[in-house]
Structure formats: structure tokens, C-alpha cells
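Geometric and topological summary
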Amino acid sequence: MATVTFKDVRKAFGTVEVLHGVSIDIEEGEFVVLVGPSGCGKSTLLRMLAGLEHVSAGEIWIGDRVVNQLPPKERDIAMVFQNYALYPHITVAENMGFSLSLKGVKKAEIAERVRPAAEILGLSHLLDRYPRQLSGGQRQRVAMGRAIVREPQVFLFDEPLSNLDAKLRVSMRSEMKNLHQRLKTTTVYVTHDQIEAMTMADKIVVMHDGRVAQVGTPLDLYDKPDNLFVAGFIGSPA
Ligand code: ADP
Ligand code: MG
């Protein structure tokens, strides 16, 4: 577990600034949801935290380190995207252990780490299957399993449920919350879905046009929206 801090972070693509000084404090073990309309800068913020985009100005901290210049693999984070492509030609167990095998972790130890992760995710009976033999929800769980076996300090999720059908999305929300309650890993979860944010977050960061519009618990935002944008977006009666 680690804290994550954004200090006045800016991002420009060419001459166009898309994030205009974003500051966010995330506590150890917190489940924070970044929510806001499409194009407001959520993915860019997450990609900078993961080290997949350069930071134009400001600082990003993970624990007690400024990570602005640190390559992704040294940041001790695991990211799950919406397009969680699994390797089709290897089994579920091999998919889950793949990043460990790249790091040179021994087969026996990989198996030791895959087993409990598979159990948490209800995948134990599917470890020898291939991705094509799984349902959409099972594949998404394998993608989460890949992140879990790495035992990172921080999980990053970018709209991980948006390719699933509505019913599955609802059940996966509570599965992900249960998972967080067991592992207590600091989590930054991006979605454009207000209901997902309201039901999953310890703390919600509402973003609007490259800025933070408000930070608070789901109840705070619903009861005391700071402005009309937040009220309208969250759907509270301001
Ligand atoms: P969100 O995830 O909230 O939908 P993004 O972070 O993907 O938003 O995008 C924020 C803004 O940055 C958008 O206006 C988008 O067009 C722009 N943007 C994102 N990535 C790039 C890029 N690689 N080059 C130029 N503009 C980009
Ligand atoms: Mg996005």
C-alpha cells in the first residue's frame, strides 16, 4: 500500500493544455474513483501516474517518491484497462503469471501466487482453460488476476467494466469492492459512470474540463455539491 499525491499537475499535448493544475491526495488503502464526462482528462491523469505519459508540470508522488521521471516498471503499480487483451495461446494460469515469469520469478513461486488470486476471483476451476473458453466476465476477472499476482502498491483501473453487459457490470462492482476489502490495496478507479462512482468509492474526485470540480465521499457530493456541475453530474437535488 502507498499514498498517491498529485501536486498541481498539468498536461499539454502540443500547445493544447488538457489538465490545468490538478491536485489530489490519496490515502493508503483508499479506493478513489475519478469520475467525469468523456474528454475531461481522467485517462490522461491515470496514464501519467502509470508512467505512460510525461507530466508537463507539477509532481506525482507514490509513497515518499516523486515518480515523474521513473519508468513504469519501477513504479510498483498494476493497471487494468477496458481492453484487457489476454494472450489467447496460453492458459488462464499462464496469463495470470505472465508478468512474473518475465521478471524471472520461479515457476513454483508463480503457482503459489496465482493460486490465492484465482481463489479470490473464483477462477480456481478455470486455471487450465484458454481465454476463448471463458465468458466476458471471467476474462475480465483474469485481467484483474494478472494485476493481483503482481502484489503492487497501487491498482489503477481505467473503465474496466465498460465492455461488460449491464447485469454483469453491476455484479462486478460488488466483486471489486469485496476484493478491495480483502487486499486493501490503494486503488485509483476511473469511470464516466456516476452510479459506479457512488457505489464503489471511499472518495470521489469529480473532474470537469481538466480540473478537479470537487472531492468528497459519495454522501458529501450528493448532500453538498459545491457547484451546479457537480450537482448535475452526480444527480443530486441542488
Ligand atoms: P477521459 O479519459 O476523461 O475521457 P482523456 O484523458 O482521454 O479523457 O482526454 C483528455 C483530453 O486530452 C481530450 O480532449 C483528448 O482529446 C486529449 N488527448 C488525450 N490523449 C491525447 C493525445 N495523445 N494527443 C492529443 N490529445 C490527447
Ligand atoms: Mg478515458
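Residues numbered from 1 in each chain as written. Chains lettered and ligands numbered in written order. Predicted model: local features only at pLDDT ≥ 70, side-chain atom pairs only at ≥ 80, totals over all residues.

Here we look at the packing of helix H3 (residues 107-120) against helix H4 (residues 136-149)
To keep things clear, this is the line we draw: Here the axes come from fitting lines to C-alpha atoms, over the contacting stretch only for helices, and the angles between their N-to-C directions go from 0 to 180 degrees. Where helices and strands are cited, they refer to DSSP runs of H or I of at least four residues and of E of at least two residues respectively, numbered from the N terminus. Should an angle lie under 35 degrees it is considered roughly parallel, over 145 roughly antiparallel, and from 65 to 115 roughly perpendicular; all remaining angles are considered oblique. Crossings are assigned a handedness: left-handed for a near helix turned anticlockwise from the far helix by less than a right angle, right-handed for a clockwise turn. The contact rule is simple: place each C-beta atom from the backbone, and if two of them lie within 7 Å, those residues are in contact.
Viewed as axis vectors pointing N to C, H3 and H4 meet at an angle of 135°, and their least axial separation amounts to 9 Å. Relative to H4, the element H3 lies oblique. Both H3 and H4 take part in a crossing whose hand is right-handed. Residues Arg113, Val114, Ala117 and Ala118 of H3 touch H4, and the partners they reach there are Gly145, Ile148 and Val149.

Here's the deal with the UniProt feature "domain: ABC transporter" (unreviewed entry) in the protein
Put simply, the test is: UniProt positions are given in the numbering used here, feature names are shortened, and annotations may be inferred rather than shown by experiment.
The feature "domain: ABC transporter" (unreviewed entry), as given by UniProt, occupies residues 4-234 in the numbering adopted here. Split by type, residues 4-234 is 37% helix and 26% strand. Its first and last C-alpha atoms lie 24 Å apart.

Comments concerning the packing of helix H2 (residues 92-102) against H3
Which entries qualify depends on this criterion: Three categories are distinguished: nonpolar for Ala, Val, Leu, Ile, Met, Phe, Trp, Tyr, Cys and Pro, charged for Asp, Glu, Lys and Arg, and polar for the others, with Gly belonging to the last.
Running from N to C, H2 and H3 cross one another at 130°; their axes reach a closest spacing of 10 Å. What the angle tells us is that H2 and H3 run oblique. Remark: the crossing between H2 and H3 carries right-handed chirality. Seen from H2, the contacting residues are Ala93, Met96, Gly97, Leu100 and Ser101; seen from H3, they are Ile110, Arg113, Val114, Ala117 and Ala118. Grouping the constituent residues of the contact of H2 with H3 by class yields seven nonpolar, two polar and one charged.

Remarks on the site of ligand 1
What counts here: Using a C-beta atom placed from the backbone, a residue is scored as near a molecule or strand whenever that atom is within 6 Å of it.
Neighbouring residues of ligand 1: Phe13, Val18, Gly36, Ser38, Gly39, Cys40, Gly41, Lys42, Ser43 and Thr44. When residues in the shell around ligand 1 are grouped by element, the largest group, three residues, is from helix H1 (residues 42-50). Counted by class, the shell around ligand 1 contains three nonpolar, six polar and one charged residues.

Here we look at the sheet that holds strand S10 (residues 211-216)
Stated formally: By the convention used here, strands pair only if DSSP detects at least 2 bridges between them.
With mixed pairing, six strands are arranged side by side in an open sheet as S6-S7-S8-S3-S9-S10. At either end of the open sheet lies a strand with only one pairing partner, and these are strand S6 (77-80) and S10. Taken pair by pair, the neighbouring strands of this sheet meet at an average axis angle of 15°, ignoring direction.

Overview of the pairing of strand S8 (residues 186-191)
Counted only if it meets this: Comment: burial labels come from other C-beta atoms within 10 Å of the residue's own C-beta, placed from the backbone, where a count of 20 or more is buried, 12 or fewer is exposed, and between is partly exposed. Handedness of a crossover is defined as follows: with both strands directed away from the viewer, a clockwise route from the first strand across the helix to the second makes it right-handed.
Burial analysis of S8 places six of its six residues in the buried class, the great majority of the element. Here S8 shows two buried faces, one formed by Thr186, Val188 and Val190 and the other by Thr187, Tyr189 and Thr191. Two elements, strand S3 (residues 31-35) and S8, share five bridges in a ladder whose sense is parallel. Considered in S8, the bridge of Val35 is made with Thr191. Pairing of strand S7 (residues 154-158) with S8 involves five bridges; the strand directions are parallel. Bridging across to S8, Leu156 finds its partner in Val188. Remark: the S7/helix H5 (residues 166-183)/S8 crossover connection has right-handed handedness.

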